[in-house]
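# Geometric and topological summary
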Amino acid sequence: MGIEKGTDVKQNFKDFFSNLTPAALGTGLVAALFSIMGPGLIVMNAAKTGNLPIEHAVSWLFIIYVAGGMFTLFLSFRYRLPIVVAYSIPGAILVGNALNHITLNEAVGAFIVSGLVVTVLGFSGVVKRVIEHIPLPVMLGMIAGVLLSFGIKAIQAVVEAPAVAGSAFAVFFLLMAMKGLSKKFPPILGAVIVGGIVATALGQTNWGAIEPALAQPLFVMPHFSMQAILELSLPLIILIVGVQNMQAVGVLYATGYKPPINAMFTLPGVGTIVNSLFGGHPTVIAGPSTAMVSSDASGEDKNLRFVASAVDGIIWICFGMVASIVIAISSAVPAQLLSVLGGLAIFAVFISTFAGAFNGKFKNGAMVAFLIAISNVTVFSVGSAFWALLVGFVVSLLLDRDDYKKTAAEKGEADESKKAVTA
């Protein structure tokens, strides 16, 4: 019960400032921009759909970025792990539609209920016990399905914009081929620079439209209505716990980390409550951004990749302070460039995720989870990632029984070994 014990925060701060490498800075920047530009526009569209005044829309953006950045810094420095805290993109769409017939105050009340439930589930350790019973290959199969769309979008972007996206794509793999240079100069940073230069040279950017202005957060008084709680709270709880946080946990397992599961589910609950007070929707652990900063692109030393997530968090806070800039930047850079950079940034994660999902036990459950995740179906207003985990787990129970027996036997042998060493 409670969140996991952390590492030496003071030492982590020292290591952060002494390891601000191009790889960490470049990957942190890409992860931040990837999460800021497209998703920021989705949130603004949701605010427009819900007919919110511009000042409330800016407050919404301000709190989800600033709180996300602060919680990212907290988890990165406390656990020395590349973990990015963000906000729920499908949650924003759900909220935007709901604001057509409920008030913002009622939505905030529903957010608070969601945050309280998630906090209790995470702090009590219930989520951790559930996750420990889901086979890792099933989880990785779901992650592979979720991430696949980013790879497909990257290829589509190259076809749609061969000059801008294609140049970034080519430079990335050319630098990857230069083993010596790529260790000192991260390929993803080269892709960012070249793609940006080409887009600017071709007149496909509009940097002059960016006019920074300090955001002003507005407190929103919650109103608890049963209609809003039934419509929003349960779907948002499922999104936070059963879908989005689970993606990030799977990503960290896939890249060889041991995630602090209780903390990764408790903090988003607290963050959801904080966000709600200023009109912001729920906080989650960002699966795609966590995949980016935990990949080889952040540096060879896995023990130092938390630097990239911390850079991501700092950029988030800066953007939150000038929340109105999000829309300007979203329209200043070609969408295809963002798509190809997002796919390239998690290239190494694709490889490790697919290998972990289909190179060992529980292949039946992993394959079903993968297929459901890439289908992008929605059932009872719940996305495919949740159903991928649920159905994949059930299929493994039915078809991968021998693998469960082998895993139990291996665990028993490991426990006996520990007892022998202790004795």
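See the structure shown above.
An account of the accompanying structure is given in this report.

Cut-offs applied
Residues numbered from 1 in each chain as written. Predicted model: local features only at pLDDT ≥ 70, side-chain atom pairs only at ≥ 80, totals over all residues. Heavy atoms only, no water. Helix = DSSP H or I, 4+ residues; strand = E, 2+ residues; numbered from the N terminus. Rg over C-alpha atoms; globule rule 2.2 N^0.38 Å. Buried < 20%, exposed > 50% of the residue type's maximum accessible area, 1.4 Å probe, protein only. Areas by Shrake-Rupley, 256 points an atom, 1.4 Å probe, with all protein chains shown as cover. Lys, Arg positive; Asp, Glu negative; His and termini not counted. Charge placed at Lys NZ, Arg CZ, Asp CG, Glu CD. Contact = heavy atoms within 4.5 Å. Polar contact = N/O pair within 3.5 Å; in protein donor to acceptor, adjacent residues only side chain to side chain. Expected span 1.5 Å × (residues − 1).

## Thoughts on the overall build of the protein chain
A count of helices and strands for the protein chain gives 20 helices and two strands. Here the C-alpha radius of gyration of the protein chain, 21 Å, is about what a compact globule of 423 residues would show, namely 22 Å. Reported as C-alpha extents along the three principal axes, the dimensions of the protein chain are approximately 65 × 60 × 45 Å. Per-residue burial over the protein chain gives 55% buried out of 423 residues. Of the accessible surface of the protein chain, which amounts to about 17900 Å², a share of 68% is contributed by carbon and sulfur atoms. The averaged location of the 20 negative side-chain charges in the protein chain is 7 Å from the averaged location of its 23 positive side-chain charges.

## A closer look at the environment of D15
On the secondary structure map, D15 appears in helix α1 (residues 9-18). Note: C-alpha distance between D15 and L304 (289 residues apart in sequence) is 7.8 Å. The residues contacting D15, other than those within four sequence positions of it, are R80, L304, F306 and V307.

## Examining the side chain of T283
Mapping T283 onto the fold places it in strand β2 (residues 283-285). Among the residues examined, T283 registers a relative accessible area of 1% and is labelled buried. A distance of 3.4 Å separates a polar atom in the side chain of T283 from the backbone oxygen of G271. For T283, the side chain forms a polar contact with the side chain of N275, separated by 2.9 Å. The contact partners of T283, leaving out residues within four places of it in the chain, are V85, A86, Y87, I240, P268, G271, T272 and N275.

## Points about helix α10 (residues 187-201)
The end-to-end C-alpha distance of α10, which contains 15 residues, comes to 21 Å, matching closely the 21 Å that a straight helix rising 1.5 Å per residue would cover. Among the residues trailing α10, G203 stands out with phi positive, at a value near 75°.

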